[in-house]
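Spelled out from the first residue to the last, the chains are:
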Amino acid sequence: MTNFGQGMMIVLSSPSGAGKTTLTRMLSEKNDNFIISISHTTRTPRHNEVNGKDYFFVDKKEFQELIKNNCFIEHATVFNNLYGTMKEPVIKDLSKGKNVLFDIDWQGAEQIKKKKLDFKLITLFILPPSSKELKERLHNREKRDDVMIDERMSQFKNDILHWKDYDYVVINNELSDCYNQIQKIILSESKGLKCNYDEKKIEEKVIELIS
Ligand code: 5GP
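Report follows, based on the coordinates. Here the structure is a predicted model, which is why all the values come from computation and not from measurement. Residue numbering note: each chain is counted from 1, following its sequence as written. Residue-level local features of this predicted model are given only where pLDDT is at least 70; pairs of side-chain atoms are given and counted only at 80 or more, and the full residue set underlies all totals for whole chains, interfaces and linings. Side-chain metrics rest on all non-hydrogen atoms present in the structure, leaving aside hydrogens and water.

Points about the packing of aromatic side chains
Stacked, edge-to-face and tilted are the three classes for Phe, Tyr and Trp ring pairs, Trp counted by its six-membered ring, which pair at centre distances within 6.5 Å; planes under 30 degrees apart are stacked, over 60 edge-to-face, the rest tilted. In total, this model carries 5 aromatic pairs according to the counting rule given. Ring geometry for Phe 63 versus Phe 72: centroids 4.7 Å apart, planes at 25°, classification stacked. Taken as a pair, Phe 63 and Phe 72 share a single burial class, namely buried. The structure contains a cluster of three or more aromatic residues connected by ring pairs, namely Tyr 55, Phe 57 and Tyr 83. Comment: the charge-over-ring label is applied if NZ (Lys) or CZ (Arg) is within 6 Å of the ring centre and within 35 degrees of the ring normal. We note Lys 30 situated over the ring of Tyr 179; from NZ or CZ to the ring centre the distance is 5.0 Å. Whether a residue is buried, partly exposed or exposed follows from its accessible area with a 1.4 Å probe, protein chains only, as a fraction of its type maximum: under 20%, in between, or over 50%, in that order.

Points about the site of the ligand
As a structural note, the neighbourhood of the ligand is formed by 18 residues, with Ser 39, Arg 43, Tyr 55, Tyr 83 and Arg 152 the closest of them. For this analysis, a polar contact is any N or O atom pair within 3.5 Å, provided that within protein one partner can donate a hydrogen and the other can accept it, and provided that sequence-adjacent residues contribute only side-chain to side-chain pairs. Backbone polar atom of Gly 84 to an oxygen atom of the ligand: 3.3 Å apart, as the coordinates give it. Between the ligand and Asp 103 there is a distance of 2.8 Å, counted from an oxygen atom to a side-chain nitrogen or oxygen. Values of accessible area rely on a 1.4 Å probe in the Shrake-Rupley scheme; residue burial ignores everything except the protein chains shown. Relative to its free-state accessible area of 510 Å², the ligand is covered by the protein chains to the extent of 95%. Each helix is a run of DSSP H or I of at least 4 residues and each strand a run of E of at least 2, with the numbering of both proceeding from the N terminus. Of all the secondary structure elements, the ones that give two or more residues to the shell around the ligand are β5 (72-78) and β6 (81-86). Of the residues in the shell around the ligand, the class split is 5 nonpolar, 5 polar and 8 charged. Near is defined per residue: the residue qualifies when any heavy atom it owns lies within 4 Å of the molecule or strand. Residues are grouped as follows: nonpolar covers Ala, Val, Leu, Ile, Met, Phe, Trp, Tyr, Cys and Pro; charged covers Asp, Glu, Lys and Arg; every other residue, Gly included, is treated as polar.

Observations regarding the side chain of Ser 14
Inspection of the secondary structure puts Ser 14 in the loop between β1 (8-13) and α1 (20-30). A distance of 3.4 Å separates polar atoms of two side chains, one belonging to Ser 14 and the other to Lys 20. What makes two residues a contact is simply this: any of their non-hydrogen atoms within 4.5 Å. In this view, Ser 14 contacts Lys 20, Phe 125 and Ile 126; residues no more than four positions away in its chain are not counted.

Comments concerning the environment of Ile 38
Structurally, Ile 38 is set in the loop between β2 (34-36) and β3 (40-41). Using a relative accessible area of 26% as the deciding quantity, one classes Ile 38 as partly exposed.

Digging into the sheet that holds β5
Taken together, 4 strands build an open sheet; the order of strands is β4-β3-β6-β5 and the sheet is mixed. Two strands bound the open sheet, and with one partner strand each, they are β4 (56-57) and β5. When DSSP locates at least two bridges between a pair of strands, those strands are taken to pair.

Considering the packing of helix α6 (residues 146-160) against helix α8 (residues 199-210)
Interhelical geometry of α6 versus α8 gives an angle of 155° and a closest axis separation of 10 Å. Compared by their axis directions, α6 and α8 come out roughly antiparallel. Both α6 and α8 take part in a crossing whose hand is left-handed. Counted together, Phe 156, Lys 157 and Ile 160 of α6 and Val 206, Leu 209 and Ile 210 of α8 form the full contact between these two elements. Looking at the contact of α6 with α8 residue by residue, the class counts come to 5 nonpolar, no polar and 1 charged. Axis angles are defined between N-to-C directions and span 0 to 180 degrees, where every axis is a line fitted to C-alpha atoms and, for a helix, only to the segment in contact. An angle below 35 degrees is treated as roughly parallel, one above 145 as roughly antiparallel, one from 65 to 115 as roughly perpendicular, and anything else as oblique. We call a crossing left-handed when the near helix sits turned anticlockwise from the far one by less than a right angle, and right-handed when that turn is clockwise.

Brief notes about α6
Taking 1.5 Å of rise per residue, 15 residues should cover 21 Å, and α6 covers 21 Å from first to last C-alpha, within 8% of that figure. Remark: the principal bend of α6, roughly 25°, maps to Ser 154. Residues of α6 that are buried include every one of Met 148, Ile 149, Arg 152, Met 153, Phe 156, Asp 159 and Ile 160, and no others. To estimate the expected span of a helix, subtract one from its residue number and multiply by 1.5 Å. Two axes define the bend at a residue: one fitted to the seven residues ending there, one fitted to the seven starting there, and the bend is the angle between them.

Here it is in structure tokens:
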């Protein structure tokens, strides 16, 4: 059960392109009390990304300084870029009773779990329906950046092997179905109840995706 007056930490991870950013946005738009933690990154912004909304884009030197000053709850290197979640705004929002959504990778999820903060934590892993679909989604997003697509496709098998470290795994076959499943899990967990999910089915899907 959530501590009275305190928010929940909801982590969503997935291989790049499986839809977690869209799902995170839907959750924050449809639920008054949900906000998205905006990460810092050294990655170059995509054409449609806005500083302070999608990420705080900083250079390596600034990022290293933030690490040195112990400003992050977690930070990791993903695709040769640094990504991190700032501690102070997150703790402030959680203490005010907001539920904070984290769109972070498995390394970040692991670090947050280990911190054992005094807030309820739910970790969810999103799987794509197929590797073909994942590649198509990356093509649509990255346009002609074949290097980036190949890099993310080669990382994807490694990423999904971490599914067992999460509380829940959901397949993003159809966006609204996947959203409803996540919403149901969060609602149950907020009442202190576990949701069942078919681990066997997920294991079979993971085998299919990595083979
Ligand atoms: P992208 O460059 O496509 O926006 O993100 C690449 C990966 O980095 C995604 O899996 C995303 O979830 C992850 N990521 C984004 N922000 C953070 C963060 O603050 N910490 C960690 N550990 N991963 C992050």
